[in-house]
Amino acid sequence: MKGEQMLNHDPKHPQKNLGLTIENLAQAVFIVNRHAKTAPNPKFLYKLKQESLKKLINEGKARKVGLHFSEHPRNSQQQSDVLVECGRYTFHIPPTKSDFHDLPHLGKLDGSVRNPKAALSLTMAKALLQSYTGISEFENPPSNPQKKQRTYQKPIFKKLGERYS
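Residues numbered from 1 in each chain as written. Predicted model: local features only at pLDDT ≥ 70, side-chain atom pairs only at ≥ 80, totals over all residues. Heavy atoms only, no water.

**A look at the packing of helix H2 (residues 43-58) against helix H4 (residues 122-133)**
Counted only if it meets this: Where helices are involved, their axes are fitted lines through C-alpha atoms of the stretch in contact, as for all axes, and angles between N-to-C directions lie from 0 to 180°. Numbering goes from the N terminus for both helices and strands, where a helix is a DSSP run of H or I of at least four residues and a strand is a run of E of at least two. By the definition adopted for this analysis, an angle is roughly parallel if under 35 degrees, roughly antiparallel if over 145, roughly perpendicular if from 65 to 115, and oblique otherwise. For a crossing to be left-handed, the near helix must be turned anticlockwise from the far one by less than a right angle; the clockwise case is right-handed. Contact criterion: two residues are considered in contact whenever any of their non-hydrogen atoms come within 4.5 Å of each other.
Between H2 and H4, whose axes approach to 10 Å, the crossing angle comes to 50°. As judged from the angle between their axes, H2 and H4 are oblique. Between H2 and H4 lies a crossing of left-handed hand. Between H2 and H4, the residues in contact are Phe44, Leu45, Leu48, Glu51, Ser52, Lys55 and Leu56 and Leu122, Lys126, Leu129, Gln130, Tyr132 and Thr133, respectively.

**Some words on H4**
What counts is decided by this rule: By definition here, a helix of n residues has an expected span of 1.5 Å times n minus one. Exposed residues in this analysis have more than 50% of their type's maximum accessible area, buried residues have under 20%, and partly exposed residues fall in between, with area computed by a 1.4 Å probe over protein chains only.
For H4, built from 12 residues, the straight-helix expectation of 16 Å at 1.5 Å per residue is met to within 8% by its first-to-last C-alpha distance of 16 Å. Along H4, the positions that sit buried rather than exposed are Met124, Ala125, Lys126, Ala127, Leu128, Leu129 and Tyr132. Remark: Gly134 follows H4 within two positions and exhibits a positive phi of approximately 85°.

**A look at the confidence of the model for the protein**
Operational definition: pLDDT is a per-residue confidence score from the predictor, ranging from 0 to 100.
Averaged over all residues, the pLDDT of the protein equals 80, while 79% of them reach at least 70. Per-residue pLDDT stays below 50 along residues 1-15; that stretch engages in 24 contacts with residues further than four places along the chain or on separate chains.

Laid out in C-alpha coordinates, this is it:
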(Lines give C-alpha, C1' and ligand atoms only; values in the text may rest on other atoms or scores of the structure.)
Protein backbone atom coordinates (compact mmCIF):
# COMPACT_ATOMS: atom_id res chain seq x y z
CA MET A 1 0.00 0.00 0.00
CA LYS A 2 1.45 3.32 -1.07
CA GLY A 3 2.06 5.90 1.67
CA GLU A 4 1.44 3.49 4.54
CA GLN A 5 4.02 2.25 6.99
CA MET A 6 4.31 -0.38 9.70
CA LEU A 7 4.61 1.60 12.92
CA ASN A 8 3.81 -0.51 15.96
CA HIS A 9 6.98 -1.94 17.49
CA ASP A 10 5.26 -3.40 20.56
CA PRO A 11 5.38 -7.23 20.52
CA LYS A 12 2.26 -7.49 22.75
CA HIS A 13 0.03 -5.82 20.18
CA PRO A 14 -0.39 -6.83 16.55
CA GLN A 15 1.05 -4.44 14.01
CA LYS A 16 -1.33 -2.06 12.28
CA ASN A 17 -0.90 -0.21 9.03
CA LEU A 18 -1.46 3.48 9.65
CA GLY A 19 -1.39 5.77 6.67
CA LEU A 20 -0.36 9.39 6.94
CA THR A 21 -3.96 10.58 6.50
CA ILE A 22 -5.21 13.83 7.98
CA GLU A 23 -7.45 11.91 10.39
CA ASN A 24 -4.62 9.62 11.59
CA LEU A 25 -2.21 12.54 12.00
CA ALA A 26 -4.83 14.60 13.88
CA GLN A 27 -5.51 11.65 16.21
CA ALA A 28 -1.78 11.20 16.79
CA VAL A 29 -1.36 14.90 17.65
CA PHE A 30 -4.33 14.62 20.03
CA ILE A 31 -2.82 11.60 21.83
CA VAL A 32 0.66 13.18 22.07
CA ASN A 33 -0.84 16.44 23.37
CA ARG A 34 -2.97 14.61 25.97
CA HIS A 35 0.03 12.66 27.26
CA ALA A 36 2.32 15.72 27.25
CA LYS A 37 0.12 17.41 29.86
CA THR A 38 1.00 14.75 32.45
CA ALA A 39 4.42 13.56 31.20
CA PRO A 40 7.43 13.91 33.53
CA ASN A 41 9.42 15.50 30.67
CA PRO A 42 6.90 16.92 28.18
CA LYS A 43 9.36 18.99 26.09
CA PHE A 44 9.76 16.45 23.30
CA LEU A 45 6.03 15.69 23.09
CA TYR A 46 5.14 19.39 22.81
CA LYS A 47 7.85 19.86 20.17
CA LEU A 48 6.47 16.90 18.22
CA LYS A 49 2.94 18.35 18.43
CA GLN A 50 4.04 21.82 17.34
CA GLU A 51 6.23 20.66 14.44
CA SER A 52 3.51 18.30 13.22
CA LEU A 53 0.89 21.05 13.25
CA LYS A 54 3.28 23.48 11.51
CA LYS A 55 3.87 20.96 8.73
CA LEU A 56 0.13 20.18 8.43
CA ILE A 57 -0.62 23.92 8.13
CA ASN A 58 2.13 24.42 5.53
CA GLU A 59 0.75 21.52 3.48
CA GLY A 60 -2.82 22.85 3.69
CA LYS A 61 -4.02 19.85 5.76
CA ALA A 62 -4.77 22.04 8.79
CA ARG A 63 -5.72 25.68 9.14
CA LYS A 64 -5.37 28.44 11.69
CA VAL A 65 -8.87 29.52 12.74
CA GLY A 66 -8.18 32.41 15.11
CA LEU A 67 -6.81 33.44 18.48
CA HIS A 68 -8.12 32.45 21.92
CA PHE A 69 -7.22 33.87 25.29
CA SER A 70 -4.98 31.34 27.00
CA GLU A 71 -6.46 29.34 29.89
CA HIS A 72 -3.19 29.55 31.82
CA PRO A 73 -1.22 32.71 30.97
CA ARG A 74 2.40 32.58 32.10
CA ASN A 75 3.71 35.88 33.44
CA SER A 76 1.13 38.25 32.01
CA GLN A 77 -2.52 38.93 32.72
CA GLN A 78 -3.55 37.90 29.20
CA GLN A 79 -1.96 35.68 26.61
CA SER A 80 -3.35 34.35 23.36
CA ASP A 81 -2.97 30.99 21.61
CA VAL A 82 -3.70 30.11 17.99
CA LEU A 83 -6.62 27.74 17.45
CA VAL A 84 -5.73 25.19 14.75
CA GLU A 85 -8.28 22.94 13.07
CA CYS A 86 -7.10 19.61 11.65
CA GLY A 87 -9.72 17.12 10.50
CA ARG A 88 -12.28 16.77 13.31
CA TYR A 89 -9.78 17.96 15.96
CA THR A 90 -8.76 21.39 17.25
CA PHE A 91 -5.51 22.32 19.00
CA HIS A 92 -3.76 25.36 20.41
CA ILE A 93 -0.23 26.43 19.50
CA PRO A 94 1.79 29.54 20.43
CA PRO A 95 1.16 32.50 18.11
CA THR A 96 3.65 34.20 15.81
CA LYS A 97 3.75 37.98 15.42
CA SER A 98 1.94 37.76 12.08
CA ASP A 99 -0.89 35.73 13.65
CA PHE A 100 -1.98 38.80 15.64
CA HIS A 101 -2.38 40.75 12.38
CA ASP A 102 -3.78 37.96 10.19
CA LEU A 103 -6.21 36.11 12.47
CA PRO A 104 -9.43 37.20 14.15
CA HIS A 105 -9.56 37.12 17.95
CA LEU A 106 -12.23 34.69 19.10
CA GLY A 107 -12.18 35.80 22.74
CA LYS A 108 -12.46 33.31 25.58
CA LEU A 109 -12.16 29.56 24.94
CA ASP A 110 -15.51 27.74 24.77
CA GLY A 111 -15.17 24.94 27.33
CA SER A 112 -18.06 22.93 25.88
CA VAL A 113 -16.23 22.14 22.63
CA ARG A 114 -14.39 18.81 22.89
CA ASN A 115 -12.23 16.75 20.55
CA PRO A 116 -13.52 13.28 19.61
CA LYS A 117 -12.05 10.24 21.37
CA ALA A 118 -9.01 8.65 19.76
CA ALA A 119 -8.07 4.97 20.00
CA LEU A 120 -4.33 5.12 19.46
CA SER A 121 -1.47 4.29 21.82
CA LEU A 122 1.15 6.90 22.68
CA THR A 123 3.82 4.67 21.10
CA MET A 124 1.87 4.50 17.83
CA ALA A 125 1.10 8.23 17.89
CA LYS A 126 4.74 9.17 18.49
CA ALA A 127 5.94 6.81 15.76
CA LEU A 128 3.42 8.23 13.27
CA LEU A 129 4.36 11.85 14.00
CA GLN A 130 8.08 11.09 14.05
CA SER A 131 7.87 9.46 10.62
CA TYR A 132 5.79 12.42 9.37
CA THR A 133 8.07 15.17 10.71
CA GLY A 134 11.42 13.38 10.70
CA ILE A 135 12.05 14.43 14.31
CA SER A 136 13.79 11.92 16.54
CA GLU A 137 13.31 11.76 20.30
CA PHE A 138 16.95 10.94 20.88
CA GLU A 139 18.53 13.84 19.01
CA ASN A 140 21.36 15.02 21.20
CA PRO A 141 21.32 18.75 21.90
CA PRO A 142 24.70 20.44 21.34
CA SER A 143 26.73 20.03 24.49
CA ASN A 144 27.73 23.17 26.29
CA PRO A 145 31.40 23.03 27.37
CA GLN A 146 30.61 25.67 30.04
CA LYS A 147 28.26 23.26 31.82
CA LYS A 148 30.31 20.48 33.37
CA GLN A 149 28.85 17.80 35.56
CA ARG A 150 29.99 18.27 39.11
CA THR A 151 31.24 15.17 40.84
CA TYR A 152 30.03 14.56 44.35
CA GLN A 153 32.51 15.63 46.96
CA LYS A 154 32.10 14.19 50.43
CA PRO A 155 31.79 16.91 53.08
CA ILE A 156 34.65 17.29 55.54
CA PHE A 157 33.62 17.65 59.16
CA LYS A 158 36.00 19.24 61.63
CA LYS A 159 35.79 19.20 65.38
CA LEU A 160 34.42 22.31 67.01
CA GLY A 161 37.17 24.95 67.10
CA GLU A 162 39.36 23.33 64.36
CA ARG A 163 40.17 25.41 61.32
CA TYR A 164 39.56 24.57 57.68
CA SER A 165 42.77 24.99 55.76
